[in-house]
Amino acid sequence: MGATFSTTTSYNQYKNDFELVIRATKDLEHLLESGFGAPSGKTVGLHDKITAAQASHGLSSDTVKKLRYLVTIRNKLVHEHNFNKLPD
């Protein structure tokens, strides 16, 4: 199975915030696992994978903050009933 990442240009194709955020976090998860050696599996969340990549590859705190923000937005879109679009 080949690794295919969405490009910045292709992110413009999504018609709604759900599609955009889910695709971006799927790509992030794949990158953390394949490029940074983060653990995989159904019991390992994206925040855990970010922590592992930070520890093993020295990601800056600014980068980690941005990645965690994306994951938090994804979680809100998926799990909170009244959270239905990206913040302005």
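> In this structure, what is going on with the overall build of the protein? I would like to understand it.
Looking only at helices and strands, the protein features 4 helices and 0 strands. Ordered by position from the N terminus, the helices and strands of the protein form the series α-α-α-α. Across the 88 residues that make up the protein, the buried fraction comes to 22%. A fraction of 33% describes how many contacts in the protein between residues 6 or more apart in sequence connect residues 24 or more apart.

> Before we go on, may I ask you to explain the pattern of salt bridges in this structure?
As a working rule, side chains carrying opposite charge can pair if their charged atoms are close by. Under the definition given, this model contains 4 salt bridges. Its salt-bridge partner being E33, residue K49 comes within 2.3 Å of it at the nearest N-O pair. With a gap of 16 residues between them, K49 in helix α3 (residues 46–57) and E33 in helix α2 (residues 17–36) connect regions that are remote in the sequence. Through salt bridges with shared partners, a single ionic network connects E29, E33 and K49.

Quick notes on the rules
Residues numbered from 1 in each chain as written. Predicted model: local features only at pLDDT ≥ 70, side-chain atom pairs only at ≥ 80, totals over all residues. Heavy atoms only, no water. Helix = DSSP H or I, 4+ residues; strand = E, 2+ residues; numbered from the N terminus. Buried < 20%, exposed > 50% of the residue type's maximum accessible area, 1.4 Å probe, protein only. Contact = heavy atoms within 4.5 Å. Salt bridge = Lys/Arg side-chain N within 4 Å of Asp/Glu carboxyl O.

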